[in-house]
There are 2 protein chains.
Amino acid sequence: MKKIKIGLGARSYSVFIGTEILNGLPRLMDGVIEADRVAIVTDSLIGGLYLESLKWGLREAGIESCEIIISAGEEHKDLATIETIFDNLIAQDWDRWSPLIALGGGIVGDITGFAAASFMRGIPYIQVPTTLLAMVDSSVGGKTGVNHPRGKNLIGAFYQPRLVAADVGTLKSLPPVEIVAAMAEVIKYGMIGDAELFDYLETHLEKVLEADKTALMHVIARCCEIKAAIVEEDEREAGIRAILNFGHTIGHAIEQAGEYRTFRHGEAVALGMIAATELSHRLGYCKGDVPERLKTILHRAGLPERVKLSPADILKAVKIDKKRTGTQINFIFVDSIGKAFIKPFELENYLDKLTQFSIFR
Amino acid sequence: MKKIKIGLGARSYSVFIGTEILNGLPRLMDGVIEADRVAIVTDSLIGGLYLESLKWGLREAGIESCEIIISAGEEHKDLATIETIFDNLIAQDWDRWSPLIALGGGIVGDITGFAAASFMRGIPYIQVPTTLLAMVDSSVGGKTGVNHPRGKNLIGAFYQPRLVAADVGTLKSLPPVEIVAAMAEVIKYGMIGDAELFDYLETHLEKVLEADKTALMHVIARCCEIKAAIVEEDEREAGIRAILNFGHTIGHAIEQAGEYRTFRHGEAVALGMIAATELSHRLGYCKGDVPERLKTILHRAGLPERVKLSPADILKAVKIDKKRTGTQINFIFVDSIGKAFIKPFELENYLDKLTQFSIFR
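Quick summary incoming for the structure in this document. Quick caveat: nothing in here was measured; it's all calculated off a predicted structure.

## Description of helix H8 (residues 213-233) of chain A
One full turn of an α-helix is made of 3.6 residues, so residues set three or four places apart face in the same direction. The end-to-end C-alpha distance of H8(A) is 30 Å, a good match for the 30 Å that 21 residues give at a rise of 1.5 Å each. Put simply, Asp212(A) is the residue that caps the front of H8(A), since its side-chain oxygen is 3.2 Å from the backbone nitrogen of Thr214(A).

Take a look at the structure:
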């Protein structure tokens, strides 16, 4: 089992990555969260697979548990679902000291985190991510939230979990397409923060795609370490944390323009990373082999390379994006593999040239 | 003008108390919040009185402003109003750096603070309290939130403002009954934290009730100082901050049992303080003159001394109260004037004896 510390003063916590973690959660809670009851928030699919194992471990440790089953899917990531969780907690006379456990992917984690942030002005919560995407991305760093009809994650809070417990055993049941989509975020960490991770992926990509436990644990731990270093420096995204959004400005826009149905988050991020890297190259920020190496590994991972949208459609969707300062966007460019930087940029002025980018061809 | 610093590390801010503050807000914002636009959240009554003055000052300083008019009243302090604010902000392409200004009483402040806490994971906000209650209580300390049909303030966040600007000039237009209700909280600060303030009130009560500016500024500043010291020690109410809830456990229950229509918040708190002090006396924690002095000054202030509810009704309402740990309540008792303490207590076991208390007679 690997343990990564997220150092945020009074809000510090550990990320555990390993196997047999689900039924051993109380051992990890020991000394971190004192609770005699927990509420597990999950969806029916993930709940059907892992709820019993999680509850068994809790029961053995003398911790009562109940479950709140929410509807899966981005379309239910809204305030109505948050209210459902509140109603459940109130019906059970919930108190400020008993934690929520988010069992599932990024959507369950984001919803549960925001419910925990807002119930009684904040109650503890534990992330138990069951997807690769949630393990490397959303379950660490305290970004929680739900969507507004006019934009993704517009409602939310920075609110750190007390513990993250990632059981790579749960990835066996993940559809291969989800592993592929998550690889976009994994590759992102290589692009923005670690040339060695990028090299490792170029060499061991197949092992990761096959869900080999050793390769997965290495990759997940490395991603969490990179994210930890960034979040520790800038918890509330006042500056450098925005670097984690590499590929996301255009990625989110692609997701939104497709009404979250055309592409998975990771697939859209892959397309966004290609665009951001090609833009970096056009502006002279990086050499030509950088977009080529990126496109090659994304292709090998099985990620999409084309989108049926015009740059104008994308710009329209970008405009609601929350990273916008006035008319400029804080855009993340690539310098070399493993090194990225943030720079305000007028995407609008570049609209014509975007049509030449490979993702639109 | 008085200035009180709330020292909370990176979340520190100042409370300004004075006159001519409304139209001079940009001067106070200087060096604290850089913004070229602000959104003022207010209700139609307060907006009608003070919006123009506030907007004039902002305009003179080159700061654009728009207003979001919400419905006044506890019954609109809910997630639906929060969504209205979000919709307004999104319609105006709001960004993460432009602040909200809460212009009004405690309800407007609590709603605006929670909207700021949850929009884009947190945007800056400024409290401009226009009621005595908001000046001494809700606008300082970062408690924000809205009600759930089953309980007050069950949904919310700890989220500090960047600035609090209290213009005592606005208290002239406050109905005398609101000054009276707020006096319950002012007297509370004397009871829990400052025998000198209590003495001052015993001597100068009439001046305060007449809204004499010098007396008001002294009293408001002293209340904010007492609150600041407590909040600095325990921002998120893990311990000592609960002492600010003196009179509130039973007070909230009285408000809730009366569906927030029978009593104003301060009136309910006055009744709650009497009950808590009589309970303290019965349990031998304080001498007999303490409840007597408290009842005398509350009576002089024009606050209620009786409630038409049974202890059983109150207990039922207490049960949903968020300060409950298991079956026990963290109850605030009085030791002497100016000194209170928190102790877990089984109110249920004491139900019979409560009927003898003066508020139920």
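## With respect to the packing of helix H6 (residues 176-193) of chain A against helix H11 (residues 289-301) of chain A
All names here are of chain A. Interhelical geometry of H6 versus H11 gives an angle of 155° and a closest axis separation of 10 Å. Classified by the angle between their axes, H6 and H11 sit roughly antiparallel to one another. In the crossing of H6 with H11, the sense of the turn from one axis to the other is right-handed. Contact residues: Val-180, Met-183, Ile-187 and Met-191 in H6; Val-290, Leu-294, Ile-297, Leu-298 and Ala-301 in H11. Across the contact of H6 with H11, the residue classes tally to nine nonpolar, no polar and no charged.

## As for the interface of chain A and chain B
On the chain B side, the residues contacting the 38 residues of chain A number 38 residues. Contact between chain A and chain B buries roughly 3,400 Å² in total, counting both sides, with carbon and sulfur atoms accounting for 53%. Linking chain A with chain B are two salt bridges. Two residues, Glu237(A) and Arg96(B), come together in a salt bridge whose shortest N-O distance is 3.7 Å. Along the contact surface separating chain A from chain B lie 12 residue pairs in polar contact (both at pLDDT 80 or more). Breaking the side of chain A that touches chain B down by element, the ones donating at least two residues are helix H3 (79-91), helix H4 (106-118), strand S7 (143-148), strand S8 (151-158) and strand S10 (324-325) of chain A. Per-class residue counts for the side of chain A that touches chain B are 17 nonpolar, eight polar and 13 charged.

## Digging into the sheet that holds strand S9 (residues 163-167) of chain B
Residue and element names in this part refer to chain B. Spatially, the seven strands line up as an open sheet ordered S1-S2-S9-S6-S5-S3-S4, and their pairing is mixed. Either end of the sheet is taken by a strand with one partner, and the two such strands are strand S1 (2-6) and strand S4 (64-70). The mean angle between the axes of side-by-side strands here comes to 20°, regardless of whether they run parallel or antiparallel. Relative to strand S2 (residues 13-18), S1 runs antiparallel, the two sharing five bridges. Each bridged residue has a counterpart across the sheet, and for Lys-3 the counterpart in S2 is Phe-16. Set on the sheet, helix H2 (residues 44-60) makes contact with strand S3 (37-43), S4 and strand S5 (100-104); between it and S3 the angle comes to about 160°. Sheet strands in contact with helix H3 (residues 79-91) are S3, S4 and S5, and its direction is about 150° off that of S4.

About the cut-offs
- Residues numbered from 1 in each chain as written.
- Chains lettered and ligands numbered in written order.
- Predicted model: local features only at pLDDT ≥ 70, side-chain atom pairs only at ≥ 80, totals over all residues.
- Heavy atoms only, no water.
- Helix = DSSP H or I, 4+ residues; strand = E, 2+ residues; numbered from the N terminus.
- Expected span 1.5 Å × (residues − 1).
- Polar contact = N/O pair within 3.5 Å; in protein donor to acceptor, adjacent residues only side chain to side chain.
- Axes fitted to C-alpha atoms, helices over the stretch in contact; angles between N-to-C directions.
- Parallel < 35°, antiparallel > 145°, perpendicular 65-115°, else oblique.
- Left-handed = near helix turned anticlockwise from the far one by under 90°.
- Contact = heavy atoms within 4.5 Å.
- Nonpolar A, V, L, I, M, F, W, Y, C, P; charged D, E, K, R; others polar.
- Buried area = accessible area lost by both parts, 1.4 Å probe.
- Salt bridge = Lys/Arg side-chain N within 4 Å of Asp/Glu carboxyl O.
- Pairing = 2+ DSSP bridges.

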